[in-house]
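# Geometric and topological summary
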Amino acid sequence: MRNRIIVVCIALVLTGVWGPSASAGVILPPDGAALNYTHVPFRWEPLGFSFLPGGGAAYQLQVVEDNGMADPFAGQPSAVFLANVDAHEPRIVVRQGLEFGKSYAWRVRGFEYDPTPWSATYRFSIPALPAYVPTFSVTETGAPIQPGITMLTIFSQAGQIPGGQALFVAVDEDGKVIWHLTTGSVFGNDLRLLENGRILYISSNRGTEGTLAGGIAWQSPADPNQQVHHEIFPMPNGDKLAVLYEFRDVMVGGMPQSWRGDRIVVYDRHTSDIVWSWSTFDYLSTLDFDATTMTAPDPQGKYRWTWTNAGIYNELDNSVYISCRHLNRVVRIDYDTGEIVYNMGFDAASGEVDFGDNLFSFQHGLEALPNGNLLVYDNGNRRNHMDQTSATGMTKVIELAFGGGEPPSGASIVWQYTLPSYNNFVGSNHRQPNGNTVITAGAAAQVIEVDATGTEVWRLSRVGGGVPNYGIYRSTRDASLIVDTPGDTDGDWDLDSRDFGQWQVCYTGSGPADLDFPCTLCDVDGDDDVDAEDWSRFEDESTGPL
């Protein structure tokens, strides 16, 4: 049996001295830090408040622009941010007042009856935005929007972003950029903010989980036969589903052609081994292809066959869904057996499509909804089985409901929204908790939020227009840019030896324990104790320092 250390904590009356504690040494932002975000988590060493009645225990945080003087607070400069903070947690996320291109100084003190002396002064900077980061405007109607920040994956066909890289940014509700990060590849850089506070994205054809600052917690293998494109999706257990290129020779007219299909895989989150694999070549007929895109090979000498641009896992039906753009098809795959549950989309030569002719074409953006329906971004390039132009084409987001039992035998559109402009490539949709839908008009470099009736309530537009200068591959709406990583007691988005040390200090065993900060951060499973179950989760998700 594992030995248990019982720590008896004695409440101390506030002394006004800043000293060691269970979380001693955790200062955020660290002194001298340079940040790439303006929503900034602050944290400082706790004081021992007595919490006696009427004492009014609290912290006070003061932030000013750094004037370079030895004491930037001399002369009582105007505060960029000044607020009282709950005495139970020595931390706060500041979401207003901080800007790119400026340096700041900050300090904190305690109040309980009387103020303590100020802490040491700490400094940090937020370097100016690179010139290639676009600016945005926002229009609103006054109707309710889903509160939060919007994450964007931005690309440039005209070389506006140095090195041909893709750019990630987050903007607030006013369209102001609050975070940015460049990656190592030009296109198809899926991006999502994870529940653990890190981001999941594609960089240089590798699936990557990392921090907002660019630290890397996990990557798929650097293997030319495992080039990730378009989608990296989190599985419920933390494994990663990814779409890979796959190449095989196909006999056409008695001659071999090199076709580019796709392999869908699931990576183990610890070892990066492939634990599940499914190939379009093994399950889809090569009799089915889009005549327009297959008339000639691409610059790499490959014929772009399926062009899978989305792959998601749906826990409700234990299925993987993929969007094969160049087949105008969505395929549902049983995760346990690998067998196709249905092919939905355009009728094709093989006769293997089950239903859904002309529901969508050249689609993107699959999203499985809690009600069992499916959101699809219908680019519309082959609407009515005809090649569309900028003059004739239209792009929609459609919600599909399925009928005929399980497996379904049909699908119908139960909600739709037609975009203001035709988007013949890229795009996404993201249903919100309030029923609104956030939609990416990628070629126009716009994000449009509509309510349940399809009425526009919010629009983000890149100042200067869309492609070829800038386009938006995908967008998501999230409640906050800054999210706690469960078990991360020092606020650096990793789980390492320092966090383990704090876990040891905070261990209570099973049962309600009335936890105080920072031990609340060690309660990974949220049951008001720090026990073996929390340790199991911590051990399973440990990253080491990032």
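So, here is what we can say about the structure in this document. (Residues numbered from 1 in each chain as written. Predicted model: local features only at pLDDT ≥ 70, side-chain atom pairs only at ≥ 80, totals over all residues. Heavy atoms only, no water.)

## Quick look at the sheet that holds strand β16 (residues 216–219)
Selection rule: A strand pair is defined by DSSP finding two or more bridges across the two strands. In this description a helix means any DSSP run of H or I spanning at least four residues, a strand means any run of E spanning at least two, and both kinds are numbered starting from the N terminus. The angle between two axes is taken between their N-to-C directions and runs from 0 to 180 degrees, where each axis is a line fitted to C-alpha atoms and a helix contributes only its stretch in contact.
If you walk across this open sheet you meet the four strands as β13-β14-β15-β16, and the pairing is antiparallel. Two strands in the sheet have a free side with no partner beyond their single neighbour: β13 (191–193) and β16. Taking the axes of each pair of neighbouring strands and ignoring which way they run, one obtains an average angle of 25° across the sheet. Here β13 runs beside strand β14 (residues 199–203); their pairing, made up of three bridges, is antiparallel. Note on β14: the bridge partner recorded for Leu191 is Tyr201.

## Examining the nonpolar core
Threshold: Nine residue types can take part in a nonpolar core, namely buried Ala, Val, Leu, Ile, Met, Phe, Trp, Tyr and Cys, and a core is a set of them joined through side-chain atoms within 4.5 Å. Note on exposure labels: buried denotes an accessible area under 20% of the residue type's maximum, exposed denotes more than 50%, and partly exposed covers the range between, all computed with a 1.4 Å probe on protein chains only. Whether two residues are in contact is decided by their heavy atoms, any of which lying within 4.5 Å being enough.
Among the nonpolar cores identified, the biggest contains 59 residues, and Phe42, Trp179 and Leu481 are the most heavily contacted of them. No other element matches the five residues that strand β11 (residues 167–171) contributes to this core. If we skip the residues at most four places from it in the chain, Trp179 touches Asn36, Tyr37, Phe100, Met151, Phe168, Val169, Ala170, Leu191, Ile199, Leu212 and Leu481. If you look at the next biggest cluster of nonpolar residues, it comprises 38 residues, including Val243, Tyr342, Phe360 and Leu400.

## Details of a negative patch on the surface
The following threshold applies: What makes a patch is a set of residues exposed beyond 30% relative accessible area and free of salt bridges, joined within 9 Å when like-charged and within 5 Å when nonpolar (Val, Leu, Ile, Met, Phe, Trp, Tyr). In short, Shrake-Rupley with a 1.4 Å probe defines the accessible areas, and a residue's cover is counted only from the protein chains shown. When a carboxyl oxygen of Asp or Glu is within 4 Å of a side-chain nitrogen of Lys or Arg, the pair counts as a salt bridge. Charge counting follows a simple rule: Lys and Arg are positive, Asp and Glu are negative, and His as well as the terminal groups are ignored. Charge positions are represented by NZ for Lys, CZ for Arg, CG for Asp and CD for Glu.
A surface patch of negative charge is lined by Asp514, Asp516, Asp527, Asp528 and Glu533. Structurally, Asp514 is set in the loop between α2 (497–506) and α3 (519–522).

## Some thoughts on the sheet that holds strand β33 (residues 456–462)
One key point about sheets: their strands pair by backbone hydrogen bonds, in either a parallel or an antiparallel sense. Read from one edge to the other, the open sheet built from five strands follows the order β9-β33-β32-β31-β30, with strand pairing classed as antiparallel. Of all the strands in the sheet, the pair left with one neighbour each is β9 (136–140) and β30 (428–431). Neighbour-to-neighbour, the strand axes of the sheet open up by a mean angle of 15°, direction not taken into account. For β9 and β33, the ladder comprises five bridges, and the chain directions are antiparallel. Considered in β33, the bridge of Glu140 is made with Trp458.

## A closer look at the state of the cysteines
What counts, and what does not: When two cysteine sulfur atoms are found within 2.5 Å, that pair is recorded as a disulfide.
One pass over the structure, following the stated rule, counts one disulfide. Lacking any disulfide linkage, Cys522 is separated from the closest cysteine sulfur, that of Cys506, by 4.0 Å. Among the residues examined, Cys522 registers a relative accessible area of 2% and is labelled buried.

## Description of unusual backbone geometry
Glycine aside, a negative phi is what most residues show, and trans is what most peptide bonds show. The peptide bond linking Leu28 to Pro29 adopts the cis configuration, its omega dihedral lying at -10°. Its place among the elements puts Pro29 in the segment before β1 (33–34). A cis geometry characterises the amide bond from Glu406 onward to Pro407, with omega recorded as 5°. Relative to the assigned elements, Pro407 resides in the loop between β28 (396–403) and β29 (410–418). Its identity is not glycine, yet Tyr113 carries a phi of approximately 70°, on the positive side.

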